[in-house]
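What follows is the residue order along each chain.
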Amino acid sequence: MVRADDGEQGGAGADHHGRERRYESRHRIQMIDYTMMGKPLKEAQGEIVYSASFLEWFAEEARRIYGDVIPASAKDRRVLVLKQPVGVAAIITPWNFPSAMITRKVGAALAAGCTVVVKPAEDTPLSALALGELANQAGIPAGVYNVVPCSRQQTAAVGEVLCTDPLVSKISFTGSTATGKILLKHAAGTVKRVSMELGGHAPFIVFDSADVDRAVAGALASKYRNSGQTCVCTNRFLVQKGIHDEFVEKFAKAIKKELHVGNGFDAKTTQGPLINEKAVEKVEKHIKDAVSQGASIVTGGKRHSLGKNFFEPTLLSNVTTKMLCTQEETFGPLAPVIKFETEAEAVAIANAANVGLAGYFYSQDPAQIWRVAEQLEVGMVGVNEGIISSVECPFGGVKESGLGREGSKYGIDEYLEIKYVCIGGL
Ligand code: ADP
């Protein structure tokens, strides 16, 4: 279907100028989204490949939407199961992955036979429109992929229409838990199918048996990717007493050596600015609260000298579960470290949250790996891995982190109805 490198290569191999211009302009408008949300170029390019992978994956999955034949209990009957598209799907997406959060839903919806109405985030509407242009080029019929961008002021009203109109059969949303709950209430009126990918509060546990260097590398990737603005980013580190000091020291060293705040078009930049002033204020608030209750700043701790929404990658130690940063999602470059003594204590802290999206832990003890993987109340577990999202794996959460799964062989079910057909009198 649509390949990731179409935009990158500006239509290389295109046979006339009009087509080349279209490719270039799509590439340009999509870049504006990334400039606006602050993701460094390398991460943006990675997202485009990730984004395209969902279209490829679901284009293939479309051929595997199998029905079923069930042995009937009566001789004169035959029992079939058909899978049918749910109908029109309304898709509401966030700004942190302006392209991939759309294709992860739209790829599955189109493969199932649904049409879609996409409402992108007001901060990053252009990728959704660029995808519209690609849909045209790929030959998707008019009216199948629709985009309704709108301002922040209009968002609630547009959201309400999408979630209450009887013509819409399905809502798929990625965003905050608070907004998800509003949309769920709207959807209840007409009993729509819903998929919700909501907030997380990922724990990252480092046990005494861990390979500390591997844990540090995973911590860096899992915490500071996208400047800490992903729903699966680690939000709290729990580190066992015996390995604690070594982990904190090595983690601080790695942050200073490997993270570079700056212009996203600069090849060595790993950390762009946060999305807006409100996001910066939240990180500041969490640091201030933690420090006022006895946390120590190991590195970072303040706005970056570049100003605006740039923030220093921050590491706090001596953190306790009484602090705000361990109770709510920071969604920024702040790593708070809590010291613990026993496995049971760590699991209890990790599970003391009303959300459960991703969780990570580092251990080299096979029995502990099984125990903890099974006990963590989350939808996705990384064991000795800090980055676990990929197209073939089911993405989703438990508790207030959401409903349903995206990607993988399960993702397409979110857009399919099961119809049972009983043929009698045979
Ligand atoms: P964030 O705080 O990360 O912006 P939101 O949940 O507010 O997360 O936003 C995610 C998506 O939900 C965006 O597309 C946004 O426009 C949309 N949104 C926010 N509030 C509403 C609402 N009341 N109704 C429908 N969509 C909404």
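Note that the structure is a prediction, hence the values are computed from the model and not measured.

Considering the sheet that holds strand 18 (residues 416-423)
No. 1: Reading across from one edge, 1-2-18 is the order of the three strands in this open sheet, with antiparallel pairing throughout. Looking at which strands have only one partner, the edges of the open sheet turn out to be strand 1 (68-70) and strand 18. This sheet shows a mean twist of 25 degrees between the axes of neighbouring strands, independent of strand direction.

So, the packing of helix 8 (residues 212-224) against helix 9 (residues 241-258)
No. 1: Closest axis-to-axis distance for the helix 8/helix 9 pair is 9 Å, and the angle between their directions is 50 degrees. Classified by the angle their axes make, helix 8 and helix 9 are oblique. Crossing hand, helix 8 versus helix 9: right-handed. Residues Val212, Asp213, Ala215, Val216, Ala219, Leu220 and Tyr224 of helix 8 form the contact with helix 9, whose participating residues are Ile243, Glu246, Phe247, Lys250, Phe251, Ala254, Ile255 and Glu258.
No. 2: A per-class count over the contact of helix 8 with helix 9 returns 11 nonpolar, no polar and four charged.

What to know about the sheet that holds strand 5 (residues 145-147)
No. 1: The sheet built from six strands is open, its strands ordered 5-4-3-6-7-17 with mixed pairing. Edge positions in the sheet fall to strand 5 and strand 17 (402-403), since each has one partner strand and no second.
No. 2: Where strand 3 (residues 88-92) and strand 6 (residues 168-174) come together, five bridges link them in parallel fashion. Within strand 6, the residue paired with Val88 across the bridge is Val168.

Looking at the site of the ligand
No. 1: Near the ligand lie 17 residues; those nearest to it are Thr93, Lys119, Glu122, Ser176 and Thr179.
No. 2: The separation between an oxygen atom of the ligand and a polar main-chain atom of Thr93 is 2.7 Å.
No. 3: Arg152 is positioned with one of its side-chain polar atoms (N or O) 3.4 Å from an oxygen atom of the ligand.
No. 4: Against a free-state accessible area of 550 Å², the protein chains account for coverage of 83% of the ligand.
No. 5: Within the residue set of the shell around the ligand, elements represented by two or more residues are helix 6 (152-164), strand 6 and helix 7 (177-188).
No. 6: Ranked by residues supplied to the shell around the ligand, first place goes to helix 6 with four residues.
No. 7: Looking at side-chain class alone, the shell around the ligand contains seven nonpolar, seven polar and three charged residues.

Rules and cut-offs
Every chain's residues receive numbers from 1 upward, in the order its sequence appears when written. With pLDDT at 70 or above as the cut-off, local features in this predicted model cover only qualifying residues; side-chain atom pairs require 80 or more to be listed or tallied, and sums for whole chains, interfaces and linings still use all residues. With hydrogens and water stripped out, all remaining heavy atoms of the structure feed into the side-chain values. At least two bridges found by DSSP between two strands are what make those strands a pair. In this description a helix means any DSSP run of H or I spanning at least four residues, a strand means any run of E spanning at least two, and both kinds are numbered starting from the N terminus. In this description, a line fitted to the C-alpha atoms serves as the axis of each element, helices being fitted only across the stretch in contact, and the angle between N-to-C directions of two axes falls anywhere from 0 to 180 degrees. Note on angle classes: values under 35 degrees are labelled roughly parallel, values over 145 roughly antiparallel, values of 65 to 115 roughly perpendicular, and the remainder oblique. Note: crossing handedness is left-handed where the near helix turns anticlockwise from the far helix by less than a right angle, and right-handed where it turns clockwise. For this analysis, residues touch if any pair of their heavy atoms sits within 4.5 Å. Residues were grouped as follows: Ala, Val, Leu, Ile, Met, Phe, Trp, Tyr, Cys and Pro as nonpolar; Asp, Glu, Lys and Arg as charged; and all remaining residues, including Gly, as polar. Proximity is defined per residue: if any heavy atom of the residue lies within 4 Å of a molecule or strand, that residue is considered near it. Identification of polar contacts relies on pairs of N or O atoms within 3.5 Å, with a donor-acceptor requirement for protein atoms, meaning one able to donate a hydrogen and the other able to accept it, and with residues adjacent in sequence counted only if both atoms are side-chain atoms. In short, Shrake-Rupley with a 1.4 Å probe defines the accessible areas, and a residue's cover is counted only from the protein chains shown.

What is shown is where atoms sit, not what they do.
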